Amino acid sequence: MPTRTNPGAALMSTPPFYTPLDAIPKIHEKSWEAWRSGKTKSIVWRKRQIAQVGYLLKDNEERIKEALRIDLGRHDLETDFFDFAGVYIDIRTSYDNAEKWTKKQRAEFNLNFFAMSPKLRAEPKGVVLIIAPFNFPVYLILSPLVGAIAAGNAAVIKPSEKTPTYCALLAELVPKYLDPELYHVINGGVPETTSVLELRWSHIFYIGNAQVARIISQAAAKHLTPLTLELGSQNPVVVDPKCDLRNAARRILWGRFSNAGQICLCPEYVLVPEDFQNTLVEALKQVYHDFYPEGPEKSDSFSRIISGVHVERLQNLITATKGTIVFGGDSDVSKRYFAPTLVRNVRTDDPLMEEEIFGPILMIVPTKSIDEAIDFINSRGEPLVIYVFSPDKKFQDKVFENTTSGAAVANETCISAGVPGLPMGGIGASGHGYFTGKFMFDEFTHLRVSLDNPSWVDKIAFGFRYPPYAPSKMLHALMPPLPPRPGEEPTPLGRWGPWLAAAVAVAASVTFTGPSQRVWSWFDVQASTNAIST
C-alpha cells in the first residue's frame, strides 16, 4: 500500500469545487427535460449506463483509493471491501436483471377480471436526488445511482463536502462516463444542500444521521416527495458466555474499529452478563494488541476521523464518561486521530449512551440477565441492526424475537449490507426503505397498473353497474366468501369448495339442458356458490 498521505493536508491542498448556487435550478431543469425526452425508456440504454458506472470505478480505482487515503486516511483493503465490492455486486445484479425487473407482469388470475388483461409494470419515478454521507462515498453514491439508472430515472448526486478530494474527482468522472444531461453532481455545503432541497424531486434517497434526516423530511413534505432514509443508531451486541470467545472478540473489534468506527452498521455497545465482563474484556484486549502490535497510531490499518471537529466531539464524550477506560482514549486533532477505545462498566445514563457515537469507541454494558439485556435494547430507539454472539439457536431466537431492528445478525458484524439478495434498511428511528439489488430498484420505481376491458364484458358480466340500478347476482359474484368465524369449523373442502360446486353446476347445465338453454353466465354460477359457502 502507498504511504499514508497526511489527512490534515487535504483541507488545505484540495478544496472542493462547490456548484454555483444559481446553477442548481438549471441542473434540476435540465435533468427533467432530459428525462422527459424518453431516453431512459430503453432497457438497452439503461444497461449501457449501468456498465459505464462499473467502468467509471474500474478505470479509476487507484485515483479513487488515493482520494480516500487523503480524505479518510483509509487503508486500500477497507476501500476494496466496504466501498468497491458492493458496487460491483449491484452493477452485475442490475445489469443481468434489468429486462426481468422491468417486464410487464400479469396480475394474479381472477376469473371475474381476467378478460380485462390486468397487468402491472415497474416504471421510473422521474428525477431522483441522492444525498450521501462521507463514510463510504463510493458505495453509498454509486450503488443507489445504479438502482436509479436501472429503474429508468435521471439522478442528481449530492456527495458530502467532508470528502473534498473525492467530491472533486466524482464531479470530473461522472460527465465523462455517464449521460451528462441525465446524471449530475452538485458539490457544496449547507447553502447548496438547502438550495437543492427547495426543488421538487421524484424521490429523495438519504443515508446519514437523524438530525439531517428531519430537515430533509420537512423539505420533502412540501412537495409530497417520497423518501428512503437509512439512519445510524446505537447497535447492540448481546454476548452469550458460551460463544466462541476468540471469534466474537475479533469480529466485534473488527466491526467497531473498521473505518475508525464510522460505519452505520458498527456494533456500538456490548451487553454481557456481569460475571462474564472481565473474561470478555481480557479477550478484547488480546485482540486489540493482535490488530495493532505497534499501536494504532502507527498502523496503516486504522483509519482517521473525518475532521478535527469530530475528534474533539469524541474526546469530550470520553472525558465525560462515568465508565472505566480499558485502552485508548487518546487523540490528536491535527492528525484527525482518535484511538480505538474500550470502555467498561457503562450504565444507561452515561453520556456515551446518549446518541450514535460514529467513532472507534466500544462500550461494555454489564447486565444481570438476558431479559435485562432485552429490556435495555427495547428501552431505546430501534437500531439498524442487533448482533448476537452465541452458538445456541434458542439464545439467538430469544433476543431476536423479543426485539425490533432493521437486521438481526448472529456471530458476525457489519457485512450484512454486502450479502446479495438481502436488503439494507432500518425501521423506526433507524430509517425506512431499502437499498441494494432489486430492493433498491423497487425504491426508485412505482408499480403502474393497466387494464383493457373489451365491450363484450358488459354484456355478460358488468352491465349491472349502469343506472337504473337493480338487484344483481353478478354483483354478488364479485365478493368472495369470508373465512369461517373464529371457533367454527371450516368448510370440508376449504377454498376449493366453491370451485367444485361451480364445476358441478356447469356439468349439470351441459347435461340436463337443451342446446337453446346452454347460454349461461359464469357469474350466476359463481354467485350461487358464494351464497352456499357463506
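Residues numbered from 1 in each chain as written. Predicted model: local features only at pLDDT ≥ 70, side-chain atom pairs only at ≥ 80, totals over all residues. Heavy atoms only, no water.

Asker: Which residues make up the overall build of the protein, and what values go with them?
Answerer: Along the backbone of the protein there are 19 helices and 18 strands. Across the 534 residues of the protein, 51% fall into the buried class. The contacts in the protein between residues at least 6 apart in sequence include a share of 73% that link residues at least 24 apart. Here the protein has roughly 25,200 Å² of accessible surface; of this, 57% comes from carbon and sulfur atoms. (Helix = DSSP H or I, 4+ residues; strand = E, 2+ residues; numbered from the N terminus. Buried < 20%, exposed > 50% of the residue type's maximum accessible area, 1.4 Å probe, protein only. Contact = heavy atoms within 4.5 Å. Areas by Shrake-Rupley, 256 points an atom, 1.4 Å probe, with all protein chains shown as cover.)

Asker: Would you mind going over the pairing of strand β13 (residues 341–344) in detail, with residue names and values included?
Answerer: The side-chain alternation of β13 yields two buried faces, one formed by T341 and V343 and the other by L342 and R344. Bridge count between β13 and strand β14 (residues 361–367): three bridges; the pairing is parallel. Across the sheet, residue V343 finds its bridge partner in β14, namely M363. (Pairing = 2+ DSSP bridges.)

Asker: Talk me through the sheet that holds β14; I want residue IDs and the actual numbers.
Answerer: Strand order in the open sheet formed by seven strands is β10-β13-β14-β9-β8-β15-β16, with mixed pairing between adjacent strands. Among the strands making up the open sheet, the edge pair consists of β10 (324–327) and β16 (407–410). Taking each pair of neighbouring strands and ignoring which way they run, the sheet shows an average axis angle of 25°. Pairing geometry for strand β9 (residues 267–273) and β14, over five bridges, is parallel. The partner of V270 across the bridge, within β14, is I364. Packed onto the sheet, helix α13 (residues 370–378) meets β8 (235–239), β9, β14 and β15 (385–389) and runs at close to 155° relative to β9. (Axes fitted to C-alpha atoms, helices over the stretch in contact; angles between N-to-C directions.)

Asker: Tell me about the side chain of T341, residues and numbers included.
Answerer: Counting through the fold element by element, T341 comes out in strand β13. Accessibility expressed as a relative area gives 0% for T341, which makes it buried. Not counting the four nearest positions on each side in its chain, T341 is found in contact with F257, I318, I325, F327, G328, G329, P360, I361 and L362.

Asker: I'd love a proper account of the sheet that holds strand β3 (residues 127–131), names of residues and values included.
Answerer: The six strands lie next to each other as β5-β4-β3-β6-β7-β17, forming an open sheet whose pairing is mixed. Of all strands in the sheet, those bounded by a partner on one side alone are β5 (183–185) and β17 (431–432). Of the strand pairs in this sheet, strand β6 (residues 203–208) and strand β7 (residues 227–231) are connected by five bridges, and their pairing is parallel. The residue bridging G208 from the neighbouring strand is L231, located in β7.

Asker: A description of the packing of helix α10 (residues 245–257) against helix α11 (residues 277–291) should follow, citing residues and the corresponding values.
Answerer: It is the contact of α10 with α11, at a shortest axis distance of 9 Å, that shows an interaxial angle of 60°. Compared by their axis directions, α10 and α11 come out oblique. Read as a crossing pair, α10 and α11 show a hand that is right-handed. When α10 is examined against α11, the residues L245, R246, A249, R250, L253 and W254 are found in contact with a partner set consisting of T279, L280, A283, L284, Q286, V287, Y288, D290 and F291. In the contact of α10 with α11, the residues fall into 10 nonpolar, two polar and three charged. (Parallel < 35°, antiparallel > 145°, perpendicular 65-115°, else oblique. Left-handed = near helix turned anticlockwise from the far one by under 90°. Nonpolar A, V, L, I, M, F, W, Y, C, P; charged D, E, K, R; others polar.)

Asker: Explain the packing of aromatic side chains residue by residue, including any values.
Answerer: The final tally for this structure, using the stated rule, is 21 aromatic pairs. Relative to F114, the ring of F109 has its centre 5.8 Å away and its plane inclined at 40°; by these criteria the two rings are tilted. Taken together, Y288, F291, Y292, F302, F327 and Y337 form an aromatic cluster joined through their ring pairs. Note that K47 overlies the ring of Y95, its terminal NZ or CZ placed 4.4 Å from the centroid. (Phe/Tyr/Trp six-rings, centres within 6.5 Å; stacked < 30°, edge-to-face > 60°. Lys NZ or Arg CZ within 6 Å of the ring centre and 35° of its normal.)

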